[in-house]
Amino acid sequence: QYSPESVAGADGELDPTEVTFPGCSCRRRSCAAPECPCLSRGHSYSSLGLLLAEQQQQPFSRPVFECNSLCCCGEGCQNRLVQRGLRLRLQVFRTPRKGWGVRALQPVPAGSFVCEYAGEVLGFAEAQRRVQAQSPQEPNYIIAVREHLHDGRVMETFVDPTRIGNVGRFLNHSCEPNLFMVPVRVDSMVPKLALFAAADIAAGEELTYDYSGRFRNFPGASREHTAPEEENSLRKPCYCGSRTCASFLPWDSSLFATP
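Residues numbered from 1 in each chain as written. Predicted model: local features only at pLDDT ≥ 70, side-chain atom pairs only at ≥ 80, totals over all residues. Heavy atoms only, no water.

## Concerning the sheet that holds strand β11 (residues 192–197)
- Here four strands make up an open sheet; going across it, the order is β2-β10-β11-β5 and the pairing mixed. Looking at which strands have only one partner, the edges of the open sheet turn out to be β2 (64–65) and β5 (113–116).
- Direction of pairing for β5 relative to β11: antiparallel, over a ladder of three bridges. Each residue of the ladder has a partner; that of Glu116, found in β11, is Ala194. (Pairing = 2+ DSSP bridges. Helix = DSSP H or I, 4+ residues; strand = E, 2+ residues; numbered from the N terminus.)

So this is what it looks like as structure tokens:
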């Protein structure tokens, strides 16, 4: 079932459409920092293009909060981007070795919002149950996003587009991707998993991101732990063809762990 944005999962633990953030009282046509409380919480889109360069010097990034349905600013506010949804012409196509993939049918400038990775938002228990119920031959679309807060807490988001999702489910992994993922919050603390262009992308070029989120991590802490040999039987081979290919797709053993 196609859905342009994430929906509450069957476990009913999280509802991404619930509005829990207060709205800003900005009366201007477009909000601006530092007057707008939404923009004051984190990065603005005017500086988003600098995020990749910033990561080379800093081991963290600030969050992104869009204006929401309770805000007084208009629909044309510059701080409303991901919530507007897909605006680019994309095509799902068959790749030689990786199954389905997605490519752009038009040039995509660096820093542009491409699409959301949408699906059912699940709690950990349901995400783990679904992963463990799959056979090694079945495709696994469940993504686990972990945000490490400055105070040591970790916020987890699990999205499964297997049954309900959008074009994002067909994006392939690459060890040298041209997209990067940013958790963007609009109405609540449940983020939209937004994919942005990491470089200028030509028309016809396949769109890819690193399933591990490594593109957004500090280089010193970004290397994936080597999986034990017995876990390699569960891992899927990587066919990205990049110079730095890790041979296997990123691995999250926590969803396979037994209590």
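## Section: the state of the cysteines
- Evaluated as defined, the whole model comprises zero disulfides.
- No disulfide involves Cys67; its nearest neighbouring cysteine sulfur is the one of Cys31, lying 3.7 Å away.
- Since its relative accessible area comes to 0%, Cys67 is described here as buried. (Disulfide = S-S within 2.5 Å. Buried < 20%, exposed > 50% of the residue type's maximum accessible area, 1.4 Å probe, protein only.)

## A few points about the sheet that holds strand β6 (residues 120–122)
- Judged by pairing direction, the sheet is mixed, and its four strands sit side by side in the order β1-β6-β8-β7 without closing on themselves. Two strands in the sheet have a free side with no partner beyond their single neighbour: β1 (7–8) and β7 (143–148).
- Examined bridge by bridge, β1 and β6 share two bridges and lie parallel to one another. Note on β6: the bridge partner recorded for Ala8 is Val121.
- Each of β6 and β8 (154–160) touches helix α3 (residues 124–133); the most contacted strand, β6, lies at about 110° to it. (Contact = heavy atoms within 4.5 Å. Axes fitted to C-alpha atoms, helices over the stretch in contact; angles between N-to-C directions.)

## Some remarks on the nonpolar core
- With 24 residues, the main nonpolar core has Leu90, Val114, Tyr117 and Leu207 as its most contacted residues.
- Every element with two or more residues in this core is listed here: β4 (100–104), β5, β7, β10 (179–185) and β11.
- Considering each element in turn, this core owes the most residues, three residues, to β11.
- Those residues within four positions of Leu207 in sequence are excluded, and the remaining contacts are Leu90, Val102, Arg103, Ala104, Val114, Leu171, Asn172, Asn178, Leu179 and Ile201. (Core = buried A, V, L, I, M, F, W, Y, C linked by side-chain atoms within 4.5 Å.)

## Describing the pairing of β4
- Pairing of strand β3 (residues 90–94) with β4, which is carried by five bridges, proceeds in the antiparallel orientation. Counted as the bridge partner of Phe93 is Gly101 from β4.

## Observations concerning the packing of aromatic side chains
- Counted according to the given criterion, the structure contains six aromatic pairs.
- Ring geometry for Tyr117 versus Tyr209: centroids 6.3 Å apart, planes at 65°, classification edge-to-face. Pair noted here: Tyr117 is in the loop between β5 and β6 and Tyr209 is in strand β12 (residues 208–209), with a separation of 92 residues, a long-range link.
- Tyr117 gets classed as buried once you look at its relative accessible area, which sits at 4%.
- On the numbers, 6.0 Å between centres and 25° between planes, the contact of Phe180 with Phe196 is stacked. Here the residue Phe180 occupies a position in strand β10, and Phe196 occupies one in strand β11, the gap between them amounting to 16 residues. With respect to burial, Phe180 and Phe196 carry one shared label: buried.
- Among the aromatic residues, those joined into a cluster by ring pairs are Phe113, Phe180 and Phe196. (Phe/Tyr/Trp six-rings, centres within 6.5 Å; stacked < 30°, edge-to-face > 60°.)

## Quick look at the side chain of Arg169
- Position of Arg169 among the secondary structure elements: in the loop between β8 and β9 (172–173).
- Asp160 provides the closest opposite charge to the buried, salt-bridge-free Arg169, at an N-O distance of 7.1 Å.
- At 3.1 Å, the side chain of Arg169 and the backbone oxygen of Thr162 are in polar contact.
- Those residues in contact with Arg169 that lie beyond four places of it in its chain are Tyr117, Tyr141, Pro161 and Thr162. (Lys, Arg positive; Asp, Glu negative; His and termini not counted. Salt bridge = Lys/Arg side-chain N within 4 Å of Asp/Glu carboxyl O. Polar contact = N/O pair within 3.5 Å; in protein donor to acceptor, adjacent residues only side chain to side chain.)

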